[in-house]
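# Descriptive structure summary
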Amino acid sequence: MKAEEWQDNGHRLFPMVRQFMFTFAMVLCTGAIIPAEAEPAPGATGKETAAQRPNVVIFFIDDMGYADIEPFGSRRNKTPHLSRMAEEGVRFTDFYNGYTACSPSRTSLLTGCYAGRVGMGGGVCFPNKPKALNPAEYTMAEMFKDAGYATGGFGKWHLGHLPGYLPPSHGFDEYWGIPYSNDMWNKRMGKYPPLPFVHNNEAVAIVDLEEDQSLLTRAFTAAALSFIRKNSGKSFFAYIPYSAVHGPRFAHKDFAGRKDGLRAQVEEIDAAVGEVMALLRELKVDRKTLVMFMSDNGGSAGTEIQPLRGNKGGPAYEGHMRTPFLAWWPGTIPAGIVSGQVGVTVDLLPTLAKLCGGSLSGNPIDGVDISAVFLDPEKAVSPRKFVYYKGEGLREGKWKLLGNELYDLEADVSEKNNVAQAHPDVVEKMTQELAQISRTIANQKRPNAQMNPCGPLVTEESAKKLPRLAEWMKQAQWQVHYDVLPPGEKAGKLKKKVDKKR
Ligand SMILES: [Ca+2]
């Protein structure tokens, strides 16, 4: 593994040689300003009563680019399980993250709020800094728990690394994972404390060597599979925020034949998704489980983003915050649909509350119920009027405003032709709307939490008593190999085939 393969500080644009023509079925909204869309829209089609209370699985991938998987046009990664998921479900082409960095984006997904509304805008959480998501916020896991679901989180948390701020304090019955980014790792970045692998509030192992990094996706998946198996007789919510494909990019050895760390990690994620889907089928809960797959922000260095412009590093062109998004719920969500309806991850809290019989806290949020576009993706029109790019830009219908630039996304999804001069009225109107939404969020802002004291969860000294993750997984007899590889392939065979091709 070369050092540059895991560094995450470059921003490379891929040549945008392949133009996709997306079909937009949206209404160009010309009405009055709706500040931050605080009011949930009227409900869905009524089909939700027929398919009652689905289990919910959310895959939330770190820094994956818009086109890193085959259903979104990857040119190099093989993702047969995600292709199957797309064929059996809906591919949403116009879905967005609430922010474009890990902590604020997780905040948006879990609280239904733009990060700025709950004091989590700007930078991410650090293992030596006090900022954390306020436990007073009502998260998606709490909504599910209050609705009677078993709730589990398996992966990277990054919303506060100490007891009182970890997932058990935010509605998760069970949590296995790392408390913040896998690059906040003392082996590569000496300023950080040891990177712990956590069960609920307690460190059980240390992510010490590269081998331990390479086992993270496997560990999260194994824990999620066990949780699903254990809870398949009741309603469950499994949140699976993989730390991949955020650098440093080490994949499991079953995928070591791939050309680079990124491809290996994408294909490992695909296999892991395949295992979860296979388990749902085996347990015969596939028809009562809603599975969603998305990235947490724009793609980082090396990822595929075409045909979009921009990436994680900004500025806020579409590649900055638009995410690949798949939704799958056999028998309820129709199969093989491509939808250009607009959604934002902040919408998932109210949407899932609607679909799963949950309630919201009553605090103002930014999300709206878009369950209709999941249940009837061919006909329903998304009630979402605006996509808000952190105060920097705004999408409304086909128009995208970014500073003084204006793009017609229907004709120009790659944002090559700034048409601001031809449409000064649109620029003026959207500039005012953007300012109004930012003002509303600022006026209604709620505080984050400040952890005090905020020392490390594990010190260099206490880490000496903990096993490495690889040792711990062997000892705990956690499954260390992949059961589900691309159809018809075994690990060794696949590896050989890939090697032979080069
Ligand atoms: Ca991220």
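Our subject in this report is the structure included herewith. A quick note: this is a predicted structure, and the numbers were derived from the prediction, not measured.

Next up on the list: the overall build of the chain. Tallying secondary structure elements over the chain gives 14 helices and 17 strands in all. Residue pairs in contact within the chain that sit at least 24 positions apart in sequence constitute 71% of those at least 6 positions apart.

Another aspect to go through is the packing of helix α2 (residues 80–88) against helix α7 (residues 261–282). It is the contact of α2 with α7, at a shortest axis distance of 7 Å, that shows an interaxial angle of 55°. Accordingly, the angle class assigned to the pair α2 and α7 is oblique. Along the contact surface, α2 presents Pro80, His81, Leu82 and Met85, while α7 presents Asp270, Ala271, Val273, Gly274 and Met277. Considered class by class, the residues forming the contact of α2 with α7 number six nonpolar, two polar and one charged.

For the rest of this paragraph, the subject is the environment of Ser359. Inspection of the secondary structure puts Ser359 in the loop between α9 (348–356) and α10 (371–375). For the pair Ser359 and Glu142, spaced 217 residues apart in sequence, the C-alpha to C-alpha distance is 9.7 Å. In this structure Ser359 touches Asp146 and Ala353, once residues within four positions along its chain are discounted.

With their axes 10 Å apart at the nearest point, helix α6 (residues 216–231) and α7 run at an angle of 10° to one another. Considered as vectors, α6 and α7 are oriented roughly parallel to each other. Facing Thr217, Thr221, Ala224, Leu225, Ile228 and Arg229 of α6, the residues of α7 in contact are Glu268, Ile269, Ala272, Glu275, Val276 and Leu279. In the contact of α6 with α7, the residues fall into seven nonpolar, two polar and three charged.

Turning next to the environment of Ile240. Within the element layout of this structure, Ile240 appears in strand β8 (residues 236–240). With 16 residues separating them along the chain, Ile240 and Ala224 place their C-alpha atoms 7.4 Å apart. Residue contacts for Ile240: discarding those within four places in its chain leaves Val57, Ile58, Phe59, Phe60, Phe154, Gly155, Phe220 and Ala224.

So, about the sheet that holds strand β15 (residues 399–402). Strand order in the open sheet formed by four strands is β13-β14-β15-β16, with antiparallel pairing between adjacent strands. In the strand order of this sheet, the two ends are held by β13 (386–389) and β16 (405–408), each with one partner. Neighbour-to-neighbour, the strand axes of the sheet open up by a mean angle of 15°, direction not taken into account. Against the sheet, helix α11 (residues 424–443) engages β13, β14 (393–396), β15 and β16, with an angle of about 70° to β15.

Turning to α11, a few remarks are in order. The end-to-end C-alpha distance of α11 is 28 Å, a good match for the 28 Å that 20 residues give at a rise of 1.5 Å each. Regarding α11, the residues found buried are Met430, Glu433, Leu434, Ile437 and Ile441. Angularly, the buried residues of α11 cover 100° about the axis, an arc narrow enough to put them on a single face. α11 presents Pro424, Asp425, Glu428, Gln432, Ala442 and Asn443 as exposed residues on the side facing more than 90 degrees away from its buried surface. Elements that come into contact with the buried residues of α11 comprise β13, β14 and β15.

Within strand β9 (residues 289–295), seven of the seven residues are buried, which leaves the element mostly enclosed by the surrounding structure. Burial along β9 is two-sided: Thr289, Val291, Phe293 and Ser295 facing one way and Leu290, Met292 and Met294 facing the other are all buried. By the bridge criterion, seven bridges tie strand β1 (residues 55–61) to β9 in an arrangement that is parallel. Considered in β9, the bridge of Val57 is made with Val291. Relative to strand β10 (residues 322–328), β9 runs antiparallel, the two sharing four bridges. The residue bridging Met294 from the neighbouring strand is Phe325, located in β10.

We now examine unusual backbone geometry. Following Gly314, the chain continues into Pro315 via a peptide bond in cis, with omega recorded as 0°. Tracing the backbone through its elements, the reader meets Pro315 in the loop between β9 and α8 (318–321). Look at the link from Asn452 to Pro453: it is a cis peptide, with omega at 0°. Structurally, Pro453 is set in the loop between β17 (449–450) and α12 (460–463). Of note, Glu415 is a non-glycine position whose phi angle comes to about 50°, a positive value. For Glu415, the location among the structural elements is in the loop between β16 and α11. Phi is positive for Gln477, which is not a glycine, with a value near 55°. As for its position among the elements, Gln477 is in the loop between α13 (469–475) and α14 (491–501).

Calculation rules
Residues numbered from 1 in each chain as written. Predicted model: local features only at pLDDT ≥ 70, side-chain atom pairs only at ≥ 80, totals over all residues. Helix = DSSP H or I, 4+ residues; strand = E, 2+ residues; numbered from the N terminus. Contact = placed C-beta atoms within 7 Å. Axes fitted to C-alpha atoms, helices over the stretch in contact; angles between N-to-C directions. Parallel < 35°, antiparallel > 145°, perpendicular 65-115°, else oblique. Nonpolar A, V, L, I, M, F, W, Y, C, P; charged D, E, K, R; others polar. Pairing = 2+ DSSP bridges. Expected span 1.5 Å × (residues − 1). Buried ≥ 20, exposed ≤ 12 C-beta atoms within 10 Å, placed from the backbone. Arc of directions from axis to C-beta.

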